[in-house]
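Commentary on secondary and tertiary structure
Listed below are the residues making up each chain.
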Amino acid sequence: SAVLLQWLEPAALSATLAVSGIADVHAAALAAARLVAVGRIDAATAVPAVLAAFATNSTSKLVFACVSGGRRYGLRLLPGIVLMVAAFALAAWLL
């Protein structure tokens, strides 16, 4: 993400972290934290990018749940996943 940030500027950070968040939200959050720590971006830029990573990671988990456990299983998980992402979005908005 640091290479893409240098090449594409901070505006692309959310998209970059969203794509990396599909596989691992922790790595995306760590990358954003490192960029904040070294002064490349501020927290106001990092938080929405981490939210994007969290949302795509949650969506990918829901897709995997539907594929492995069936549609009914996925629908049972849907409310909890939506509430988690909504809570994160609310917290990010309140910051």
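Predicted model only: the values in this text are computed from it and were never measured. (Residues numbered from 1 in each chain as written. Predicted model: local features only at pLDDT ≥ 70, side-chain atom pairs only at ≥ 80, totals over all residues. Heavy atoms only, no water.)

**Comments concerning the overall build of the protein**
- Across its full length, the protein carries five helices and zero strands.
- Counting from the amino terminus, the protein carries its helices and strands in the arrangement α-α-α-α-α.
- A burial count over the protein gives 29% of its 95 residues as buried.
- Residue pairs at least 24 apart in sequence account for 65% of intrachain contacts in the protein once pairs closer than 6 positions are excluded.
- Element-wise, carbon and sulfur atoms account for 71% of the exposed surface of the protein, whose accessible area totals about 6,200 Å². (Helix = DSSP H or I, 4+ residues; strand = E, 2+ residues; numbered from the N terminus. Buried < 20%, exposed > 50% of the residue type's maximum accessible area, 1.4 Å probe, protein only. Contact = heavy atoms within 4.5 Å. Areas by Shrake-Rupley, 256 points an atom, 1.4 Å probe, with all protein chains shown as cover.)

**Comments concerning the packing of helix H2 (residues 13-21) against helix H3 (residues 25-37)**
- One way to put it is that H2 packs onto H3 with a least axis distance of 7 Å and a crossing angle of 150°. Judged on the interaxial angle alone, H3 and H2 are roughly antiparallel. Where H2 crosses over H3, the two elements pack in a sense that is right-handed. Judged by residue contacts, Leu13, Leu17, Ser20 and Gly21 of H2 engage Val25, Ala28, Ala31, Ala32 and Leu35 from H3.
- When its residues are assigned to classes, the contact of H2 with H3 shows seven nonpolar, two polar and no charged. (Axes fitted to C-alpha atoms, helices over the stretch in contact; angles between N-to-C directions. Parallel < 35°, antiparallel > 145°, perpendicular 65-115°, else oblique. Left-handed = near helix turned anticlockwise from the far one by under 90°. Nonpolar A, V, L, I, M, F, W, Y, C, P; charged D, E, K, R; others polar.)

**Looking at the environment of Gly39**
- Within the element layout of this structure, Gly39 appears in the loop between H3 and helix H4 (43-69).
- Note on Gly39: relative accessible area 57%, which makes it exposed.
- Separated by 50 residues in sequence, Gly39 and Ala89 have C-alpha atoms that sit 24 Å apart.

**A few points about the side chain of Ser58**
- Looking at where Ser58 falls in the secondary structure, it is placed in helix H4.
- With near-sequence residues (within four places) excluded, Ser58 lies in contact with Ile81 and Val85.

**Considering a nonpolar patch on the surface**
- On the surface, Leu75, Leu78 and Val82 cluster together into a nonpolar patch covering about 230 Å² of accessible area.
- Relative to the helices and strands, Leu75 is located in helix H5 (residues 71-94). (Patch = residues over 30% accessible without salt bridge, like charges linked within 9 Å, V, L, I, M, F, W, Y side chains within 5 Å. Salt bridge = Lys/Arg side-chain N within 4 Å of Asp/Glu carboxyl O.)

**Description of the environment of Ala43**
- Tracing the backbone through its elements, the reader meets Ala43 in helix H4.
- Those residues in contact with Ala43 that sit more than four places away from it in its chain are Val36 and Pro48.

**Considering H3**
- Taking 1.5 Å as the rise per residue, H3 with 13 residues should run 18 Å; its terminal C-alpha atoms sit 18 Å apart, in good agreement.
- Of all the residues in H3, the buried ones are Val25, Ala28, Ala31, Ala32 and Leu35. Each buried residue of H3 lies within a common arc of 125° when the element is viewed along its axis, so the set occupies one face. H3 presents His26, Arg34 and Ala37 as exposed residues on the side facing more than 90 degrees away from its buried surface.
- Its side-chain oxygen 3.1 Å from the backbone nitrogen of His26, Asp24 forms the N-cap of H3.
- Note on H3: the residue one or two positions beyond its end, Gly39, has a positive phi of about 80°. (Expected span 1.5 Å × (residues − 1). Arc of directions from axis to C-beta. Polar contact = N/O pair within 3.5 Å; in protein donor to acceptor, adjacent residues only side chain to side chain.)

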